[in-house]
Structure formats: structure tokens, C-alpha cells
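Fold and contact review
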Amino acid sequence: MNFKKITAVVMAMAVSLSLLTACGEKQPQDKEVVKLTVSEVTHSIFYAPMYAAINNGYFEDAGIEIELINAGGADKVMTALLTGGADIGFAGPEAVIYVAAQGKEDYPKVFAQLTACDGSFLIGRQSVEDFDWQSLRGSTILPGRKGGIPYMTLEYCLNQNGMEVGKDVFFDDSISFNAMTGAFVAGTGDYVTVFEPGATDLELQGKGYILASVGEEGGRVPYTTYFANSRFLADNSGLVQRFTDAIYKGQQFVLNNDAATVAQAIAPSFADTDMTVITQVVQRYKDIGAFSESGIMHKEDFDRLCAILTNAGELNTAVNYEDIVDNSFALKAAQ
């Protein structure tokens, strides 16, 4: 090979390498990162799959930056969504059911489910070795906001045990969701329902004792879900799919790893909580089947939720599963 040919080959190789390098440098820049504001009903280890998706980089891989806003209640989540303060709502699907039942044409839709039962625990002032729901007769409980799923699931549990709220047991729903634990510690009520890690923190401080899992007693329901305005879902279907894919990866991570590994992954989202506590809480939620295996909401679970809403007197109009839930994103993610 003469000098001219060698030079031509070298130059061609250099051009090819420069193109490859340029492509390698340009590719991440070409992938537009979209910021999504998610209004969460509360901040809890109960939502471990979402925090695992955030901290493991699943959203980052999907080109999504998540901004979490703690709304402190499902009603406030829905308000944020309807007023443009959030792109995606993360709360109980009852928030969507209520809006749809009002007859509005353009109401939000649920597109993914994260948890499969109530995540709260009944806390008492004394430790009880063999707790019996009948022991609650005549007591006052802080249950959360009337019309909220924590309130209604607890009422459903009591009804299943032959007790009627206002007759056999009493609810003090005058205290906001985020203030219930503080009110209980200050002396209000005999019992309170608390999500983790708050429940374990109370127990470690000797200010309360975990007596029972409301979720275990109440059964499987689509407890916490993601929803967005119908127009947003239609206009941003690709983005919503990427979001749902990331959530599904988080769900699979939690499902397929032990509590210690999951705790390590979600720890950055709970900087003020001891690692031992996080691990203990994750295991507790795994034990009661709190984490949904996928984002798919099943009709039988939806029907049980509607039965709980009806039992509480909060739902007097029949709502169709197909009108509330769009499983297309979750089904595709699971594939």
C-alpha cells in the first residue's frame, strides 16, 4: 500500500471515529429530559416502589425528572391536579371516582396502581399482645379525613367486626391527616391510624403501640394509584408510558429483592429514618402484600373499593370500572 492510500485510510478512520465520538456525545443531549410534578398524598415507605424507581435511576433512564409535592391528603392532591399545580396525582382512586360521579365530562383517569391494600396501622396507647377488634368498643379513634380511603377502610373493618361508627365506636375526623399523629401524642383520642414510618417511630419512642394492620383486616383494594387529566393522557401518551414503565421497574425491584436491599435503595428518600427501621417497615409491608405486583388495576379489586365507598355512604351513584381506569399503559409496561 503506497503513502497516498495509507493516508486515505487513516483519514477515513479518523473521520469515522470523530463521527462515532460526536454521536456518542450528542445522544444524551438529544434525549430531552421532561420534568413531571407528582402530587403525593403523603410521604411514606408504603410507596417504596416509587422511591426505588427514583433512586435507582429508572425515571432518569426514561428521560424524566420527578418533582414530588407532599399534598397531605387525597382531596388536596386532586385540587393540585385540577388547578394545574401537578401533572400527575398520586392518591387513592376514590378522588377520581368522586369527580367522575359528579357527571363531569373531562375527569381524570387512573393509569397505574402502586399499592394493593390499606397501608395504615392501628396505634393504641398500651401494648396488647392478642389484639381483638372488639376491644375498640366505646373508644374514640382518629381516622383521617371523612371520605378518604383510610377513614372508610377502617370503618369497613369495624363493620365487618359488627361495630357501627357513632354507636359502638366514635371517629374524631376534625384533625387533618398530617396532624393526626401529633394530636394523638398530645392526648387526643384513644387510638389513631398511622402510616409507616410514623407507626414504628411512635412505637420506638414509647408514645404508641402497633396493634393491627388495617390493610390486612380490610382486604385487597387498589389503595394508591396514579391519575392524570384525560387530556394530559391523550396529549402525552408516550411520556405517560415512560413514567409507567419506570414505576413497573420499581415494583419489580421491590418484589424481587429482600427488605434489606429495598431499604438500601429507598433510604435517600428517608434521610431522617434509621436504616433498621426502614428495613423493618419494608418487611412489614411485604408481609401483608401491600405492594402491587404491577400497575394493573383489577376489576374485582375496584369493585371491593366501590363497596367500601358505598358502605361508608360516600358513593350513591354507580361508576363503571372502564370509565375510571385506563390499564393500557400498565399492560404495556408489564409486557
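Worth saying up front: this structure is predicted, and the values here are computed from it rather than measured.

This paragraph deals with the overall build of the chain. Each helix and strand in the chain was counted, giving 16 helices and 10 strands. Measuring between centres, the 23 positive side-chain charges of the chain sit 9 Å from its 42 negative side-chain charges.

Core analysis: the biggest nonpolar cluster contains 110 residues, and Phe 111, Trp 133, Tyr 226, Phe 243 and Ile 266 have the highest contact counts within it. For Trp 133, the residues in contact, after removing those within four places along its chain, are Leu 122, Leu 154, Cys 157, Leu 158, Asn 161, Met 163, Ala 212, Ser 213 and Glu 217.

Next up on the list: the pairing of strand β1 (residues 34-40). Counting buried positions along β1 yields 5 of 7 residues, so the element is predominantly enclosed. Alignment of β1 against strand β2 (residues 64-70), held across 7 bridges, turns out to be parallel. For Thr 37, the partnering residue across the bridge sits in β2 and is Glu 67. In this sheet, strand β3 (residues 88-91) lies alongside β1 in parallel orientation, the contact comprising 3 bridges. Its bridge partner being in β3, Ser 39 is matched across the sheet by Gly 89.

What follows deals with the packing of helix α6 (residues 149-160) against helix α14 (residues 299-311). It is at 9 Å that the axes of α6 and α14 come closest, and there the two elements cross at 85°. The pairing of α6 with α14 is recorded here as roughly perpendicular in orientation. Listed contacts from α14 to Ile 149, Met 152, Thr 153, Glu 155, Tyr 156 and Asn 159 of α6 are Leu 305, Ile 308, Leu 309 and Asn 311. Taken together, the residues of the contact of α6 with α14 sort by class into 6 nonpolar, 3 polar and 1 charged.

Before going further, it helps to examine the sheet that holds β1. Within a sheet, neighbouring strands are paired by backbone hydrogen bonds and run either parallel or antiparallel to one another. Reading across the sheet, the 5 strands line up as β2-β1-β3-β10-β4 and stay open at both edges, with mixed pairing between neighbours. Across the chains shown, the open sheet's two edge strands, defined by having one partner strand only, are β2 and β4 (109-115). Averaged over all neighbouring strand pairs, the angle between strand axes comes to 25°, with direction disregarded. Across the face of the sheet, helix α2 (residues 48-55) comes into contact with β1, β2, β3, β4 and β10 (224-228) while running at roughly 140° to β2. Lying over the sheet, helix α4 (residues 74-82) contacts β1, β3 and β10, oriented at roughly 175° with respect to β3.

The next point concerns unusual backbone geometry. Across the chain, the bulk of peptide bonds are trans and the bulk of non-glycine residues have phi less than zero. Along the chain, Glu 196 connects to Pro 197 via a cis peptide bond; the corresponding omega equals 10°. Inspection of the secondary structure assignment puts Pro 197 in the loop between β8 (191-194) and α8 (198-204).

Chain-level pLDDT for the chain is 88 on average; 91% of the residues reach the 70-or-more range. Contacts of residues 1-30 to residues separated by more than four positions or lying in other chains number 2 contacts, the stretch itself having pLDDT below 50.

Further remarks concern the sheet that holds β8. Spatially, 5 strands are ordered β7-β6-β8-β5-β9 in an open sheet, and the strand pairing comes out mixed. Only two strands of the sheet have a single partner each, and these edge strands are β7 (170-171) and β9 (209-213). Of the pairings in the sheet, the one linking strand β6 (residues 140-142) to β8 comprises 2 bridges and is parallel in character. Note on β8: the bridge partner recorded for Ile 141 is Tyr 191.

Within the structure shown, the criterion is met by 19 aromatic pairs. Ring centres of Tyr 47 and Phe 90 lie 4.7 Å apart, and the angle between their planes is 75°; on these two criteria the pair is classed as edge-to-face. Remark: Phe 90 occurs in strand β3 and Tyr 47 occurs in the loop between β1 and α2; sequence separation between them is 43 residues. Phe 90 shares its class with Tyr 47; the two are buried. For Arg 125, the ring lying beneath its charged end belongs to Phe 184, and the centroid distance is 3.9 Å.

In this fold, Ser 294 is placed in the loop between α13 (275-287) and α14. In this structure Ser 294 comes out as buried when scored by relative accessible area, which is 12%. A polar atom in the side chain of Ser 294 sits 3.3 Å from the backbone nitrogen of Ile 296. When residues no more than four places from it in sequence are discounted, the contact partners of Ser 294 are Gln 113, Tyr 248 and Gln 251.

Attention shifts here to the environment of Leu 154. Position of Leu 154 relative to the elements: it lies in helix α6. Spatially, the C-alpha atoms of Leu 154 and Lys 109 are 25 Å apart, while their sequence positions differ by 45 residues. With residues up to four places along the chain from it excluded, the contact list for Leu 154 reads Trp 133, Ile 141, Pro 143, Phe 171, Thr 193 and Val 214.

The rules behind each value
Residues numbered from 1 in each chain as written. Predicted model: local features only at pLDDT ≥ 70, side-chain atom pairs only at ≥ 80, totals over all residues. Heavy atoms only, no water. Helix = DSSP H or I, 4+ residues; strand = E, 2+ residues; numbered from the N terminus. Lys, Arg positive; Asp, Glu negative; His and termini not counted. Charge placed at Lys NZ, Arg CZ, Asp CG, Glu CD. Core = buried A, V, L, I, M, F, W, Y, C linked by side-chain atoms within 4.5 Å. Buried < 20%, exposed > 50% of the residue type's maximum accessible area, 1.4 Å probe, protein only. Contact = heavy atoms within 4.5 Å. Pairing = 2+ DSSP bridges. Axes fitted to C-alpha atoms, helices over the stretch in contact; angles between N-to-C directions. Parallel < 35°, antiparallel > 145°, perpendicular 65-115°, else oblique. Nonpolar A, V, L, I, M, F, W, Y, C, P; charged D, E, K, R; others polar. pLDDT = per-residue confidence, 0-100. Phe/Tyr/Trp six-rings, centres within 6.5 Å; stacked < 30°, edge-to-face > 60°. Lys NZ or Arg CZ within 6 Å of the ring centre and 35° of its normal. Polar contact = N/O pair within 3.5 Å; in protein donor to acceptor, adjacent residues only side chain to side chain.

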